[in-house]
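Residues per chain, in single letters:
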Amino acid sequence: MNKVILMGRLTRDPEVRYSQGANQTAVARFSIAVDRRFKREGEPDADFFNCTAFGRQAEFIERYLHKGVKIVLSGRVQNDNYTNKDGQMVYSVRVMVDEIEFAESKNASGGGDGGYNSGGYNGGGSAPAPSGAGDGFMNIPDGIDEELPFN
């Protein structure tokens, strides 16, 4: 099984290109910084992962994601090895994105993100966030406990 789930922030604005030909396909490349759970002195605080998404997910990324946005993604790890100009083999991996979602609300990310709705993209649309509270939760008025079906 080859499955990875990562949560982190984009380290730069995504780079999106479109394939040539009759059926143009969007290809988004970006990297995310994922904080390490346990930090040891002298070691980095985060790991950086290069990611690639295709098609409608790439278009979603182009439209709504930018440097600093916190996301959660799932996908698979793929070798991205190549021989450099000196003839040496360079070994690296790339995360091929299957699903992607926002990991924080619009307000928590500092706004200025083009007006996205909370949610993500995994092949379908996302529902608009309820109006009212900026944290993604609906305000429930005091004294309504009697009308709720649970306590």
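Shown above is the structure to which this text applies.
The rules behind these values
Residues numbered from 1 in each chain as written. Predicted model: local features only at pLDDT ≥ 70, side-chain atom pairs only at ≥ 80, totals over all residues. Heavy atoms only, no water. Helix = DSSP H or I, 4+ residues; strand = E, 2+ residues; numbered from the N terminus. Contact = heavy atoms within 4.5 Å. Phe/Tyr/Trp six-rings, centres within 6.5 Å; stacked < 30°, edge-to-face > 60°. Buried < 20%, exposed > 50% of the residue type's maximum accessible area, 1.4 Å probe, protein only. Core = buried A, V, L, I, M, F, W, Y, C linked by side-chain atoms within 4.5 Å.

(A) Structural context of the overall build of the protein chain. Along the backbone of the protein chain there are one helix and nine strands. Moving toward the C terminus, one meets the helices and strands of the protein chain in the order β-β-β-β-α-β-β-β-β-β. In the protein chain, the proportion of contacts linking residues at least 24 apart, taken out of those at least 6 apart, comes to 53%.

(B) Quick peek at the packing of aromatic side chains. In total, this model carries two aromatic pairs according to the counting rule given. A centroid spacing of 5.2 Å and a plane angle of 55 degrees characterise the contact between Phe60 and Tyr64, whose relative ring orientation is tilted. Of the two residues, Phe60 and Tyr64 both sit in helix 1 (residues 55–64), four residues apart, roughly one turn of that helix. Both residues of the pair, Phe60 and Tyr64, belong to the buried class.

(C) Local environment of the nonpolar core. Among the nonpolar cores identified, the biggest contains 23 residues, and Phe30, Ile32, Ile61, Leu65, Ile71, Leu73 and Ile100 are the most heavily contacted of them. For this core, the secondary structure elements donating two or more residues are strand 1 (4–10), strand 3 (26–35), strand 4 (46–54), helix 1, strand 5 (70–79) and strand 8 (93–102). Among the elements that make up this core, the one with the highest residue count is strand 3 (five residues). Those residues in contact with Phe30 that lie beyond four places of it in its chain are Leu10, Arg12, Pro14, Phe49, Asn50, Cys51, Ile61, Ile71, Leu73, Val97 and Ile100.

Note that every value here comes from positions in space, so none of it alone points to a role or purpose.
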